[in-house]
Amino acid sequence: ESWKDNYPPQEIGERIVVLPYWLAQEYEGERLPVILDPGLTFGTGAHPSTQMVMEAMELLVQPGCKCLDLGSGSGILSITAILLGAAHATGVDIDPKAEDIARENAAINQIFSDRFTAVTGDVIGDRAMMESLKGHYDVVLANIVADVIIPLSRVVPEFLQEDSIFICSGILDTRFDEVSAAIERAGMRIVSSDRQEDWRRITAMRAE
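Described in the following lines is the structure provided in the data block. All values reported here derive from a predicted model rather than from experimental measurement. The residue numbering used here restarts from 1 in each chain and proceeds along that chain's sequence as written. A pLDDT threshold of at least 70 governs which residues receive local features in this predicted model, and a stricter bar of 80 or more applies before side-chain atom pairs are shown or counted, although totals over entire chains, interfaces and linings include all residues. Hydrogens and waters are ignored; side-chain quantities use all the structure's heavy atoms.

**Overview of the overall build of the chain**
Thinking step 1. Helical segments are the DSSP runs of H or I of at least four residues, strand segments are the runs of E of at least two, and each set is numbered from the N terminus. Per the secondary structure count, the chain includes seven helices and 10 strands.
Thinking step 2. Here the radius of gyration uses the C-alpha set of atoms, whereas the globule reference equals 2.2 Å times the residue count to the power 0.38. Relative to the 2.2 N^0.38 estimate, which gives 17 Å for 208 residues, the radius of gyration of the chain is 16 Å and therefore close to what a compact globule would have.
Thinking step 3. By its C-alpha atoms, the chain is 50 × 35 × 30 Å across when sized along the principal axes.
Thinking step 4. Burial classification: accessible surface area is computed with a 1.4 Å probe over protein chains only, and a residue below 20% of its type maximum counts as buried, one above 50% as exposed, and the rest as partly exposed. A buried classification covers 50% of the 208 residues belonging to the chain.
Thinking step 5. In this description, contact between two residues means that some pair of their heavy atoms is separated by no more than 4.5 Å. The long-range fraction of contacts in the chain, counting pairs at least 24 apart against all pairs at least 6 apart in sequence, stands at 62%.
Thinking step 6. As presented, the chain carries roughly 9,800 Å² of accessible surface, and 49% of it is formed by carbon and sulfur atoms.
Thinking step 7. Side chains of the chain give 17 positive and 33 negative charges; the mean places of these two sets differ by 6 Å. Accessible surface area values rest on a Shrake-Rupley calculation with a 1.4 Å probe, where residue burial reflects the displayed protein chains alone. Two residue types count as positive, namely Lys and Arg, and two as negative, namely Asp and Glu; His and chain ends fall outside the count. Note on charges: their place is set at NZ of Lys, CZ of Arg, CG of Asp or CD of Glu.

Below, the structure is given as structure tokens:
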């Protein structure tokens, strides 16, 4: 019971509330509920980096779009995308446990394999994995850390169409310039950024 007290509802942005599953039935507000079983995997909605991505998603995820979530953890961003109207989301994580957790969290939200695909793999080091993921994505998400986003930025453009959006977070303020430079070197342009506490979020598009 003490552990549960550490997971109050998290109101994020204008429309979203992240709820642990044991509070889902009690919630009577008008926000869009994202229900999670907050286990050991990163992504409970409490961290500033996650909140900044979700705030951007409120504005940028359009009905019927397709999303790719790199470093999906608990699946919170993929689930949020679908609840915001995305037709499909694919979540990728290097940790095989994350795949199971993300799938379970999706099921709690009545989201199943027809709309959410969870896979295990390393898109930076595994070329075959990257090739298998290729397709049209309207929104690509990466809520990880600067040391992963920097090499990841080299492959992200291969997932982007002309009008696609790349939202990345988990970037400490001290690494913002370094990550920004890597994104621009990869052929993307930064269209907006945000700061919360010591963390930054970057939103980018293909430069062409």
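On we go.
**A word on helix 7 (residues 176-185)**
Along an α-helix, residues three or four positions apart point the same way, because every turn accommodates 3.6 residues.
Thinking step 1. Considered for burial, the residues of helix 7 that qualify are Phe176, Val179, Ser180, Ala182 and Ile183. All buried residues of helix 7 project into a common sector of 160° when viewed along the axis, lining one side. In helix 7, the exposed positions that point more than 90 degrees away from the buried face belong to Asp177 and Arg185.
Thinking step 2. Buried-residue contacts for helix 7 involve helix 6 (146-152), strand 8 (160-172), strand 9 (188-196) and strand 10 (199-206).
Thinking step 3. At the C-terminal side of helix 7, Gly187 shows a positive phi close to 95°. An arc is given here, and it is the one of the directions from the helix axis to the C-beta atoms.

**Concerning the pattern of salt bridges**
Thinking step 1. Should a side-chain nitrogen of Lys or Arg be within 4 Å of a carboxyl oxygen of Asp or Glu, the pair is scored as a salt bridge. For the coordinates displayed, the defined rule picks out 12 salt bridges.
Thinking step 2. The partner of Glu158 in a salt bridge is Arg127, with the nearest N and O atoms 3.4 Å apart. One end of the pair, Glu158, is in the loop between helix 6 and strand 8; the other, Arg127, is in helix 5 (residues 127-133), and 31 residues separate them in sequence.
Thinking step 3. Looking at Glu158, the relative accessible area reads 31%, which means it is partly exposed.

**Overview of helix 2 (residues 48-60)**
Thinking step 1. In a regular helix each residue adds 1.5 Å, so 13 residues correspond to 18 Å; helix 2 covers 18 Å between its end C-alpha atoms and thus fits that length.
Thinking step 2. Among the 13 residues of helix 2, 10 are classified as buried, and the element is accordingly described as predominantly covered. By this rule, a helix spans an expected 1.5 Å times one less than how many residues it contains.

**A look at the sheet that holds strand 2 (residues 16-20)**
Pairing between the strands of a sheet comes from backbone hydrogen bonds, and it takes one of two forms, parallel or antiparallel.
Thinking step 1. Strand order in the open sheet made by the three strands is 1-2-3, with mixed pairing throughout. Only two strands of the sheet have a single partner each, and these edge strands are strand 1 (10-12) and strand 3 (32-36). For this sheet the average axis-to-axis angle between neighbouring strands, irrespective of direction, equals 25°.
Thinking step 2. Lines fitted to the C-alpha atoms define the axes, with helices restricted to the stretch that makes contact. Angles between their N-to-C directions range from 0 to 180 degrees. Taken strand by strand, helix 2 contacts strand 1 and strand 2, and its axis lies near 45° from that of strand 1. Strand pairing is defined by DSSP finding a minimum of two bridges between the two strands.

**Let's talk about unusual backbone geometry**
Thinking step 1. Even without glycine at this site, Gln110 takes up a positive phi of about 60°.
Thinking step 2. Turning to its location among the elements, Gln110 is positioned in the loop between helix 4 (96-108) and strand 6 (116-120).
Thinking step 3. At Glu197, a residue that is not glycine, the phi angle is positive and equals roughly 55°.
Thinking step 4. Mapping Glu197 onto the fold places it in the loop between strand 9 and strand 10.

**Topic: the packing of aromatic side chains**
Thinking step 1. Think of it this way: a Phe, Tyr or Trp ring, Trp meaning its six-membered ring, pairs with another when their centres are within 6.5 Å, and the plane angle makes it stacked under 30 degrees, edge-to-face over 60, tilted otherwise. Counted according to the given criterion, the structure contains three aromatic pairs.
Thinking step 2. Relative to Trp22, the ring of Tyr7 has its centre 6.3 Å away and its plane inclined at 80°; by these criteria the two rings are edge-to-face. Remark: Trp22 occurs in the loop between strand 2 and strand 3 and Tyr7 occurs in the loop between helix 1 (2-5) and strand 1; sequence separation between them is 15 residues.
Thinking step 3. Residue classification places Trp22 among the buried residues on the basis of a relative accessible area of 17%.
Thinking step 4. For the pair Tyr137 and Phe159, a centre-to-centre distance of 6.2 Å together with 75° between the ring planes defines the contact as edge-to-face. One end of the pair, Tyr137, is in strand 7 (residues 137-143); the other, Phe159, is in the loop between helix 6 and strand 8, and 22 residues separate them in sequence.
Thinking step 5. Between Arg200 and the ring centre of Phe176, over which it is positioned, the NZ or CZ distance is 3.7 Å. Distance and angle both matter: a charge sits over a ring if NZ of Lys or CZ of Arg is within 6 Å of the ring centre and within 35 degrees of the ring normal.

**Examining the sheet that holds strand 5 (residues 88-93)**
Thinking step 1. Read across the open sheet, the seven strands follow the order 6-5-4-7-8-10-9; overall the sheet is mixed. Each having just a single partner strand, strand 6 and strand 9 make up the two edges of the open sheet. Taken over all neighbouring pairs, the strand axes of this sheet differ in orientation by 15° on average, direction set aside.
Thinking step 2. Relative to strand 7, strand 4 (residues 66-70) runs parallel, the two sharing three bridges. Looking across to strand 7, one finds that Asp69 is bridged to Leu141.
Thinking step 3. Together, strand 4, strand 5, strand 6 and strand 7 form the strand contacts of helix 3 (residues 76-83), whose direction differs from that of strand 5 by roughly 175°.
Thinking step 4. Set on the sheet, helix 4 makes contact with strand 5 and strand 6; between it and strand 6 the angle comes to about 165°.

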